[in-house]
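# Structural features, examined
As a plain string of letters, each chain reads:
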Amino acid sequence: MLLTITTTHRPATDLGYLLHKHPDRVQQFRQSFGTSTVLYPEASEERCTALLTLDVDPVRLARSRKGTPDFGLAQYVNDRPYAASSLLGAALADVFSTARSGRCTSRQELADSAIPLEIGVPVLPCSDGADLAHRLFEPLGWEVEAVPIPLDEAFPEWGDSRYLRLTLRGTVRLADALNQLYVLLPVLDEAKHYWQGSDEVDKLLRSGGGWLSGHPEQDLVVHRYLGRRRALTRVALERLAELGDDTDEQVEPEAEEEVAQPEEERVGLNAQRHAAVLHVIKEAAATSVIDLGCGPGQLLQVLLDEPSFARVAGTDVSTRALAQAGRRLRLDRMGDRQRERLTLFQGALTYEDPRFAGYEAAVLMEVIEHVDPTRLDALERVVFGAARPGLVVVTTPNVEYNVLYAGLGGARHADHRFEWTREQFSAWAERVAVAYGYAARLDGIGAEDRVHGCPTQMAVFDRG
């Protein structure tokens, strides 16, 4: 089985830096079920293609499946060596692990950016047909070409097989593309080559954290990825609900007071964050505000509903998130006067950008915890040093509160690079305020626990 990744970003050979695989070399990687090979059939300034092949050893695969039923010859005679499946996803995850994390020391700005990509999977099992491939990939910003493969070209009357030839084209961040493939290949195949334990939820959220919570087929993806195991599916959907503003439900900790209220009176934590941030900005009488890391636009919608804001801007590193924000805000049907108030643009918060400046208030709501700790100083320089708004509002999870969430075995989101205690957040806020000439005050958002505090902590930086 094989997979190709092609870019026309110039210089296209930068793909080698992003994948951490040199275009001039053929590299092999041993898996428990076979051997992966990475090579570049073309590598020029204009166009570069990386090819990942997986040579599956049926004997090694059968021996690696400990604890699974014995299906006799089916363990050795099947389509696994030829059709893209969770085996290819596992190989991709191993071989391109650093690329999936979005890290590239020599080309970090490029790794943070969306680039033109074309991904090819010649043989993809999909018993539900081409429609499912469109439903899964198109909401992620891909142009999808899914062509059914006939059972036998010599006998067209036999009809099509359950396999597709899949081609994806789009302008997407490479790390996002790889993580989407890792999750969706086994979803399309609806099979896994290994037994799924409780850590599978963390794998799913780690790879799908940036896009799955807003996907229209979220339930189907989670259900199939987790092998239809109800307990795992419930935990995954609950964690996505707490972190994804696009979902209706919120994960509520067992001790949170909202649980004792009638269901119709409960206020989700996201709504409480929006209300708290809006109150702070209005209290400061700001007339222009920028949402730094706006995601799919939930807060932007709240800000636009407030007529006192003459200018509202949203920026995010993800072009897919910005497209979602555009759909949420109904840009295609927005009136001219409202449209003049709004600016949406793609940008990375760790690199100076003049478009970040010129706003009286800036918001980083549930953003800083997604930044590698080694890159936080760059974000601080960009926001507090270069953009330098009069008011900055920052919210982030309070890790002390996590013990109150049922079924939460780690961080609240698989993409969180850290989560701070109240003492750590206070120390960070004080250091930043002193360094950049702001006064900082701290507050909490959500129901307060006597021991663990509030689920969300907020810092308000005022330049006076």
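Across the sheet, which stays open at both edges, the 7 strands sit in the order β2-β3-β4-β1-β5-β7-β6 with antiparallel pairing between neighbours. Strands at the two margins of the open sheet, each flanked by one partner only, are β2 (27–31) and β6 (143–150). Neighbour-to-neighbour, the strand axes of this sheet turn through a mean angle of 15 degrees, independent of strand direction. Taken strand by strand, helix α3 (residues 86–95) contacts β1 (2–7), β2, β3 (34–43) and β4 (48–56), and its axis lies near 125 degrees from that of β4. Sheet contacts for helix α6 (residues 130–137): β6 and β7 (160–173); angle to β6, the most-contacted strand, approximately 160 degrees.

Turning next to the packing of aromatic side chains. In total, this model carries 12 aromatic pairs according to the counting rule given. Geometrically, the ring pair formed by Y438 and F461 is edge-to-face, given 6.5 Å between the ring centres and 90 degrees between the ring planes. Remark: F461 occurs in strand β14 (residues 456–462) and Y438 occurs in the loop between α16 (422–436) and β13 (439–445); sequence separation between them is 23 residues. Accessibility assignment for this pair places Y438 and F461 in one class, buried.

Here the focus is the sheet that holds strand β10 (residues 342–346). Read across the sheet, 7 strands follow the order β10-β9-β8-β11-β12-β14-β13 without closing on themselves; strand pairing throughout is mixed. The open sheet has two free edges, formed respectively by β10 and β13, since each of these has just one partner strand. Each neighbouring strand pair of the sheet contributes to a mean axis angle of 15 degrees, computed without reference to strand direction. Strand direction decides the pairing type here: strand β12 (residues 391–397) and β14, joined by 7 bridges, are antiparallel. Bridge pairing in β14 links V392 to F461.

So, on to the environment of G16. Tracing the backbone shows G16 in helix α1 (residues 15–19). Along the backbone, G16 and Y40 are 24 residues apart, and their C-alpha atoms lie at a distance of 9.0 Å.

If you check which residues of helix α13 (residues 319–328) are buried, you get R320, A321, L322, Q324, A325 and G326. Packed against the buried residues of α13 are β9 (311–316) and β10. R330 sits one or two positions beyond α13 and adopts a positive phi of about 55 degrees.

Turning our attention to the pattern of salt bridges. On inspection of all chains with the given rule, the structure shows 17 salt bridges. Put simply, R224 and D128 hold a salt bridge, and the shortest N to O gap is 2.2 Å. Note that R224 is positioned in helix α9 (residues 218–225) and D128 in the loop between β5 (114–125) and α6, a separation of 96 residues in sequence. What makes R224 buried here is its relative accessible area of 11%. Look at D128 and you get partly exposed, because its relative accessible area is 43%. A cluster of three or more residues bridged by salt bridges with shared partners is formed by E118, E145 and R169.

Here the focus is the confidence of the model for the protein chain. Reading predicted coordinates in detail is not appropriate for stretches of low pLDDT. Averaged over all residues, the pLDDT of the protein chain equals 83, while 84% of them reach at least 70. Contacts from residues 66–74, a stretch scored under 50 in pLDDT, to residues over four places away or in other chains number 1 contact. Contacts from residues 243–266, a stretch scored under 50 in pLDDT, to residues over four places away or in other chains number 47 contacts.

Reading guide: rules and limits
Residues numbered from 1 in each chain as written. Predicted model: local features only at pLDDT ≥ 70, side-chain atom pairs only at ≥ 80, totals over all residues. Heavy atoms only, no water. Pairing = 2+ DSSP bridges. Helix = DSSP H or I, 4+ residues; strand = E, 2+ residues; numbered from the N terminus. Axes fitted to C-alpha atoms, helices over the stretch in contact; angles between N-to-C directions. Contact = heavy atoms within 4.5 Å. Phe/Tyr/Trp six-rings, centres within 6.5 Å; stacked < 30°, edge-to-face > 60°. Buried < 20%, exposed > 50% of the residue type's maximum accessible area, 1.4 Å probe, protein only. Salt bridge = Lys/Arg side-chain N within 4 Å of Asp/Glu carboxyl O. pLDDT = per-residue confidence, 0-100.

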